[in-house]
Amino acid sequence: MRGISRGGLGVGAVLAGALAATALAFAPAAGAVTPGTATATYDCGIWGGGLATLQATQSGTAATITLTSAVKTPVAVGADTINAQLTMAKGGGGTRVFSGQKNPALAAQQSVTIGPLSGTVAAGDSLNSYFAGTALTMTIFGVAVNCDAVTSQSPGPFVF
């Protein structure tokens, strides 16, 4: 009887281990983006400009970017009232767009933070906000604020 019990437990453990391995094999990869944080300089015309910090995260093909800029809002802005679109140049050609209407409540003269802005990426995408075109568009109280990235991201582009 003892031999049967041990054998039964051994088979059960082997089956449980096989099921766990199978589940892991079919689970989506979480993915990682490097670097997680980068900086770039933006020019927003009459609205100002300066150094901005970008933070990226990834989960599978979904990615988000949060941007804190040197541009300051002249008046207080409520939470989730800035509609933003960040266009990133893709290494090898094309672009990826991150968008959303996410921002914390901002006091007058506070640096603008937007995001997380959502987008879709593919494995190996190398994305930089520096390219020939408007990288960031924000609509605040119906007014469009267009910003060009005037430097490449440092320490380098986001690689997903």
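Residues numbered from 1 in each chain as written. Predicted model: local features only at pLDDT ≥ 70, side-chain atom pairs only at ≥ 80, totals over all residues. Heavy atoms only, no water.

Would you mind going over the overall build of the protein chain in detail, with residue names and values included?
When helices and strands are counted, the protein chain shows one helix and ten strands. Beginning at the N terminus, the succession of helices and strands in the protein chain can be written as α-β-β-β-β-β-β-β-β-β-β. Restricting to contacts in the protein chain with at least 6 residues of sequence separation, those with at least 24 account for 63%. Accessible surface, the protein chain as shown: approximately 8500 Å² in total, 62% of it carbon and sulfur. (Helix = DSSP H or I, 4+ residues; strand = E, 2+ residues; numbered from the N terminus. Contact = heavy atoms within 4.5 Å. Areas by Shrake-Rupley, 256 points an atom, 1.4 Å probe, with all protein chains shown as cover.)

Describe the nonpolar core, with residues and values.
Counting residues in each nonpolar core, the largest one holds 33 residues, and the members touching the most others are Tyr42, Leu86, Phe98, Ile114, Met138 and Phe158. Listing elements by their share of this core, those giving two or more residues are β1 (37–43), β2 (49–59), β3 (62–72), β4 (83–90), β6 (111–120), β8 (136–140) and β9 (143–149). For this core, the leading source of residues is β3, giving four residues. (Core = buried A, V, L, I, M, F, W, Y, C linked by side-chain atoms within 4.5 Å. Buried < 20%, exposed > 50% of the residue type's maximum accessible area, 1.4 Å probe, protein only.)

How would you sum up a nonpolar patch on the surface? Please name residues and give values.
A cluster of nonpolar residues, Ile46, Trp47 and Val143, forms a patch on the protein surface that exposes about 320 Å² of accessible area. Ile46 sits in the exposed class, given a relative accessible area of 81%. (Patch = residues over 30% accessible without salt bridge, like charges linked within 9 Å, V, L, I, M, F, W, Y side chains within 5 Å. Salt bridge = Lys/Arg side-chain N within 4 Å of Asp/Glu carboxyl O.)

Before we move on, could you go through the environment of Asn146 and cite the residues and values that matter?
Its location among the elements puts Asn146 in strand β9. Residue Asn146 is classed as partly exposed on the basis of its relative accessible area of 41%. Spatially, the C-alpha atoms of Asn146 and Gly45 are 7.5 Å apart, while their sequence positions differ by 101 residues. Excluding anything up to four places from it in sequence, Asn146 contacts Asp43, Cys44, Thr134, Leu136 and Thr137. Within the structure, Asn146 has its side chain in polar contact with the side chain of Thr137 (distance 3.2 Å). (Polar contact = N/O pair within 3.5 Å; in protein donor to acceptor, adjacent residues only side chain to side chain.)

How would you sum up the pattern of salt bridges? Please name residues and give values.
Here the structure, examined in full by the defined rule, presents one salt bridge. Where Arg96 meets Asp125, a salt bridge forms, and the shortest distance between an N and an O atom there is 2.7 Å. Taken together, the residues span a long stretch of sequence, with Arg96 in strand β5 (residues 95–100) and Asp125 in the loop between β6 and β7 (126–128) at a distance of 29 residues. What makes Asp125 buried here is its relative accessible area of 5%.

Got a sec to walk through unusual backbone geometry? Specific residues and values, please.
Residue Pro116 is bonded to the preceding Gly115 through a cis peptide linkage, with omega at 15°. Within the element layout of this structure, Pro116 appears in strand β6. A cis amide bond links Ser154 to the next residue, Pro155, at an omega of 15°. Its place among the elements puts Pro155 in the loop between β9 and β10 (158–159). Its identity is not glycine, yet Gln109 carries a phi of approximately 70°, on the positive side. Secondary-structure assignment places Gln109 in the loop between β5 and β6. For Phe141, which is not a glycine, the phi torsion comes out positive at approximately 55°.

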